[in-house]
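# An overview of the molecular structure
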Amino acid sequence: MEFLEQRREHALALFRIIIGLFFVFHGVQKLGKGVDLLAWPSGPVTLIELIGGGLILIGLWTRWAALISSGAMAYAYFVVHQPKALLPIENGGELAAVYAWAFLLLVFTGAGAWSIDTIRKSSKKTLAAA
């Protein structure tokens, strides 16, 4: 198990990168369909997918971007999907629910390795030590 624990930050970074990339793709898909960015709630959600997903992908302000993205996906689940049926498998809300929980995980764990947040944190420590 020590082998796995030593690679925890890298696995977390890979998870963050993939989830962020998929979230950006989801926003790009909506733009391709011609979503009106001024329409509620599709416009703001598309912007959250693009901007939040991009920030999560590169690991900049990861916890804040993940918190906002998680909230947006929880909103999408409870307002759009949940009124159709109780369970995600019945109402088509599996993706929104999974995104909401994945982003909530990133709120608590942070960006992991390979992120701008990590670079910023290490440069602050270097400046403080100097």
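As shown above, the structure is provided for reference.
Attention here is on the structure that accompanies the text. Remember, predicted model here, so these are calculated numbers, not experimental data.

### Some thoughts on the nonpolar core
Ranked by size, the top nonpolar core spans 19 residues in total, and within it Ile56, Ala66, Met73, Tyr99, Phe103 and Leu106 carry the most contacts. Looking at this core, the elements that each hand over two or more residues are α2 (8-32), α3 (42-58), α4 (62-81) and α6 (94-109). With 8 residues, α6 is the largest single contributor of residues to this core. Ignoring anything within four residues of it in the chain, the contact list for Ala66 reads Ile56, Phe103, Leu106 and Val107.

### Description of the environment of Trp40
The topology assignment puts Trp40 in the loop between α2 and α3. By relative accessible area, Trp40 is classed as exposed at 63%. Within polar-contact distance, the side chain of Trp40 engages the side chain of Tyr75 at 3.4 Å.

### Details of the layout of surface pockets
Its volume calculated, the largest pocket comes out at about 280 Å³. Taken together, 15 residues line the largest pocket, and the ones lying closest to its centre are Arg63, Ala111, Asp117, Thr118 and Lys121. The set of elements that each furnish at least two residues to the lining of the largest pocket consists of α4 and α7 (116-129). Among the elements that make up the lining of the largest pocket, the one with the highest residue count is α7 (5 residues).

### A word on α3
An ideal rise of 1.5 Å per residue puts 24 Å on 17 residues; α3 measures up with 24 Å between its terminal C-alpha atoms. Buried residues belonging to α3 abut α2, α4 and α6. In the segment just after α3, Gly59 is the residue with positive phi, at about 80°.

### Some words on unusual backbone geometry
Cis geometry is adopted by the peptide bond preceding Pro41, which originates at Trp40 and carries an omega value of -5°. Secondary-structure assignment places Pro41 in the loop between α2 and α3. Positive phi outside glycine occurs at Trp61, with the angle close to 50°. Its identity is not glycine, yet Trp114 carries a phi of approximately 55°, on the positive side. On the secondary structure map, Trp114 appears in the loop between α6 and α7. By relative accessible area, Trp114 is classed as exposed at 51%.

### Some thoughts on the pattern of salt bridges
Taken as a whole, this structure holds 3 salt bridges when the rule is applied. Across the salt bridge formed by Asp117 and Arg120, the nearest N and O atoms sit 4.0 Å from each other. Taken together, the positions of Asp117 and Arg120, both in helix α7 and 3 residues apart, correspond to about one turn of that helix. Here Asp117 falls in the buried class, since its relative accessible area comes to 18%. Its relative accessible area of 33% is what places Arg120 among the partly exposed residues.

### Thoughts on the side chain of Arg16
Mapping Arg16 onto the fold places it in helix α2. Put simply, Arg16 is tucked away with no salt bridge, and the nearest opposite charge, on Asp117, sits 6.9 Å away.

Calculation rules
Residues numbered from 1 in each chain as written. Predicted model: local features only at pLDDT ≥ 70, side-chain atom pairs only at ≥ 80, totals over all residues. Heavy atoms only, no water. Core = buried A, V, L, I, M, F, W, Y, C linked by side-chain atoms within 4.5 Å. Buried < 20%, exposed > 50% of the residue type's maximum accessible area, 1.4 Å probe, protein only. Helix = DSSP H or I, 4+ residues; strand = E, 2+ residues; numbered from the N terminus. Contact = heavy atoms within 4.5 Å. Polar contact = N/O pair within 3.5 Å; in protein donor to acceptor, adjacent residues only side chain to side chain. 1 Å grid on protein atoms, 1.4 Å probe; cavity = no way out; pocket = protein on both sides within 12 Å on 5 of 7 lines; lining within 4 Å. Points joined across faces, edges and corners; volume = space filled by probe spheres on them. Expected span 1.5 Å × (residues − 1). Salt bridge = Lys/Arg side-chain N within 4 Å of Asp/Glu carboxyl O. Lys, Arg positive; Asp, Glu negative; His and termini not counted.

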